[in-house]
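# Survey of secondary and tertiary structure
Read off the chains here:
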Amino acid sequence: MATFGTLSDRLTETFRNLRTKGKLSPADVDGTVREIRRALLDADVALTVVKDFTAKVRERALGDEVNKALNPAQQVVQIVNEELVGILGGQQRRLQFAKTPPTVIMLAGLQGSGKTTFAGKLARMLEKDGHTPLLVAADLQRPNAVNQLQVVAERAGAAIYAPEPGNGVGDPVRVARDGVEYAKQKLHDVVIIDTAGRLGVDAELMKQAADIRRVTNPDEVLFVIDAMIGQDAVNTAKAFQEGVDFTGVVLSKLDGDARGGAALSVASVTGRPIIFASTGEGLEDVEPFHPDRMASRILDLGDILTLIEQAQQAFDEEQAAKVAEKFAKDQFTLDDFLEQMQQLKKMGSMKKMLGMLPGMGQMKQQLDDFDEREIDRTEAIIRSMTPAERQNTKILNGSRRARIARGSGMTVTDVNQLVNRFEQASKMMKTVARGGMPNIPGMGPVPGMGRPGGSSKRGKQAKKGGSRSGNPAKRAAENAGLAAQQPTGSGFGLGGAPKPSEADLAEIQKLFGRN
């Protein structure tokens, strides 16, 4: 995540130096804590939060849990991770919905913090969950704020209540109150009120926001804060907490390149949880805030759970099963490959997804060099082929490849590389789909991982020879043992595994946040 990139680099480097030591002395711990303190202060984390954080880390790092650990350095990383989760709010907090609809959500914050854009993002997210949100244009101060919300609502496919033109005309308190009544009449179950901001905290802003809160009695008041504004984030959050009081925080612009550490201080200083994180300009670029996952990203430990959730949203399980069957039958074509790439694009930025993998912070240069348009180029090459060429790449002779290159605006070399990669990938996936292990270039076959049914050399020998014992009972027992050793089921080693119990399934669903 770009905003915490510098902080992540500093902390990762600190821990890398720590891992070279077999046993940690008090001097090693003090040096590590000192580097952590410098990294946090450089990232604009509030001084009080830094002092409290480093004191807890030092106390735990000098305790028995590190001294008795088999890997002291790894234990210190775990301690920092746990304490970082703590200052980010500890547990994830979800939106609280009213028992009797509509649920009223009021957005507050400074001008330019991203309230209007977040209103559209939230409406889009709630619609996907089966809700019917209504956006209320109560920001009548900022020029063209009402028009902007109308455009955002149209893009999000959400209803909007905007009786006043704005630009200084109209009573925002009355609009907010009437918007809630309108939602009740039209049976909208969620109301999102976009309120006015200012370039700075002032009495008029606070009074207006407090009056809107009084007449609408919102179930949630979300304070939207720009993660790039530096140390002033803490002061602004305190001012809004005293003037309006809010129930949760939204971090916006986490895709920026500012230090952003002040955003880490908000939950700790205000005692209010961070509920959402906005990670881009698109309406899909928002996600529920998980303190533990954010801490893992900052420490370059990855965020696999979020990556899995995004994949589940983008990929069709039924389509995936069909693709797996095509692999097994050697029927996978470039049309299928194109469809898979299009589903991959639905997940968003490839750089963002790759950045969620553990250790990718150490490959920053490779990530920066990654060209997102490579997928578009591949798509152009495939679309320049005829249906017959997509079904069977064997017919692609020199003249056909030259025509495809001209049609896609690429070179013949690019076409050749795509075809070669596709054929190699198809061959590997066919092997996996049939239960085997592919020959990885430069590595050869993985030892001991033969195909099911005794297709490996060892399996064939066992099948051919079997037990040679003269004792029939012993021979039968040994042959049964050989049969048990043969892998069965899928190529991922799950074929012979027992089915999970209902308790196991419930635990898995709880892990992924599905109740």
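Not measured: the values here are computed from a predicted model.

The buried fraction of strand β4 (residues 190-194) amounts to five of the five residues, a majority that puts the element mostly inside the structure. Where strand β1 (residues 103-108) lies against β4, five bridges are found, and the strand directions are parallel. Across the sheet, T103 pairs through a bridge with V190, a residue of β4. Examined bridge by bridge, strand β2 (residues 133-137) and β4 share five bridges and lie parallel to one another.

This paragraph deals with the sheet that holds β4. In space, the eight strands of this open sheet follow the order β3-β2-β4-β1-β5-β6-β7-β8, with mixed pairing throughout. Two strands bound the open sheet, and with one partner strand each, they are β3 (159-161) and β8 (286-288). Geometrically, the sheet is characterised by an average inter-axis angle of 25° between neighbouring strands, direction not taken into account. With three bridges connecting them, strand β7 (residues 274-278) and β8 associate as antiparallel partners. Bridging across to β8, F276 finds its partner in P288. Helix α8 (residues 172-186) contacts β1, β2, β3 and β4 of the sheet and is inclined by roughly 160° relative to β2.

Checked against the element boundaries, T378 lands in helix α18 (residues 374-383). Discounting residues that sit within four places of it in the chain, T378 has contacts with F337, M341 and L418.

The subject of this paragraph is the packing of helix α6 (residues 115-128) against helix α7 (residues 145-156). Viewed as axis vectors pointing N to C, α6 and α7 meet at an angle of 25°, and their least axial separation amounts to 9 Å. Relative to α7, α6 is oriented roughly parallel. Along this stretch, α6 crosses α7, giving a crossing that reads as right-handed. The segment α6 lies against α7, with T116, T117, A119, G120, R124 and E127 engaging Q148, L149, V152, R155 and A156. Of the residues in the contact of α6 with α7, the class split is four nonpolar, four polar and three charged.

The next subject is the packing of α8 against helix α9 (residues 203-216). In contact at an axis separation of 9 Å, α8 and α9 are set at 25° when each is read in the N-to-C sense. Compared by their axis directions, α8 and α9 come out roughly parallel. Relative to α9, the crossing made by α8 is right-handed. Across the interface between the two elements, P172, V173, A176, R177 and V180 of α8 pack against Q208, D211, I212, V215 and T216 of α9. Residues of the contact of α8 with α9, tallied by class, amount to six nonpolar, two polar and two charged.

What follows covers the confidence of the model for the protein. Residues at a pLDDT of 70 or more form 66% of the protein, whose mean pLDDT is 75. Under a pLDDT of 50 for its full length, residues 440-464 has, in the predicted model, 29 contacts with residues more than four places off or in other chains. Below a pLDDT of 50 lies the segment residues 482-500, which in the model reaches 20 contacts outside its immediate sequence neighbourhood of four places, other chains included.

A few words now on the packing of aromatic side chains. Summed over all chains, the structure comprises five aromatic pairs. A centroid spacing of 4.9 Å and a plane angle of 35° characterise the contact between F223 and F240, whose relative ring orientation is tilted. You can see F223 sitting in strand β5 (residues 220-226) and its partner F240 sitting in helix α10 (residues 232-243), a full 17 residues away along the chain. You can call F240 buried: its relative accessible area is 1%. Among the aromatic residues, ring-to-ring pairing joins F223, F240 and F246 into one connected group.

Turning next to the side chain of D336. Counting through the fold element by element, D336 comes out in helix α15 (residues 334-346). A polar side-chain atom of D336 sits 3.0 Å from the main-chain amide nitrogen of T333.

Another point: the pairing of β1. For β1, a buried count of six out of six residues is recorded, marking the element as mostly surrounded by other parts of the structure. Burial of β1 is two-sided: the residues T103, I105 and L107 facing one way and the residues V104, M106 and A108 facing the other way are all buried. Looking at chain direction, β1 and β5 are connected through four bridges and run parallel. Following the sheet pairing, M106 is matched in β5 by V221.

Note on soluble globular proteins: their nonpolar side chains tend to be buried together. In terms of nonpolar packing, the biggest core is built from 94 residues, with F118, L122, I192, I193, L222, F240 and F276 touching the most fellow members. Here this core gets eight residues from one element, more than from any other, and that element is helix α5 (residues 72-87). In contact with F240, other than residues within four places in its own chain, are A108, G109, L110, V201, L205, M206, F223, D245 and F246. Judged by nonpolar contacts, the second largest core, of 15 residues, contains I382, M385, A405 and L418.

With respect to the secondary-structure elements, I105 resides in strand β1. Taking the C-alpha atoms as reference, I105 lies 9.0 Å from D194; in sequence the two are 89 residues apart. Ignoring sequence-local partners within four residues, the contact set of I105 consists of L95, L122, V190, V191, I192, I193, E220 and L222.

The next thing to look at is the pattern of salt bridges. This model, assessed by the stated rule, comprises 20 salt bridges. Here E82 ties to R60 by a salt bridge, and the two come within 2.6 Å at their closest N and O atoms. Here E82 is found in helix α5, whereas its partner R60 is found in helix α3 (residues 47-61), with 22 residues between them in sequence. Taking the relative accessible area as the measure of exposure, E82 reaches 35% and is therefore partly exposed. Across the pair R124 and E284 runs a salt bridge whose closest N-O atoms are separated by 2.9 Å. Pair noted here: R124 is in helix α6 and E284 is in the loop between β7 and β8, with a separation of 160 residues, a long-range link. Take E284: its relative accessible area is 41%, and that puts it in the partly exposed class. Each of E164, R174, R177 and D178 takes part in a single network of salt bridges with overlapping partners.

What counts, and where the lines are drawn
- Residues numbered from 1 in each chain as written.
- Predicted model: local features only at pLDDT ≥ 70, side-chain atom pairs only at ≥ 80, totals over all residues.
- Heavy atoms only, no water.
- Buried < 20%, exposed > 50% of the residue type's maximum accessible area, 1.4 Å probe, protein only.
- Helix = DSSP H or I, 4+ residues; strand = E, 2+ residues; numbered from the N terminus.
- Pairing = 2+ DSSP bridges.
- Axes fitted to C-alpha atoms, helices over the stretch in contact; angles between N-to-C directions.
- Contact = heavy atoms within 4.5 Å.
- Parallel < 35°, antiparallel > 145°, perpendicular 65-115°, else oblique.
- Left-handed = near helix turned anticlockwise from the far one by under 90°.
- Nonpolar A, V, L, I, M, F, W, Y, C, P; charged D, E, K, R; others polar.
- pLDDT = per-residue confidence, 0-100.
- Phe/Tyr/Trp six-rings, centres within 6.5 Å; stacked < 30°, edge-to-face > 60°.
- Polar contact = N/O pair within 3.5 Å; in protein donor to acceptor, adjacent residues only side chain to side chain.
- Core = buried A, V, L, I, M, F, W, Y, C linked by side-chain atoms within 4.5 Å.
- Salt bridge = Lys/Arg side-chain N within 4 Å of Asp/Glu carboxyl O.

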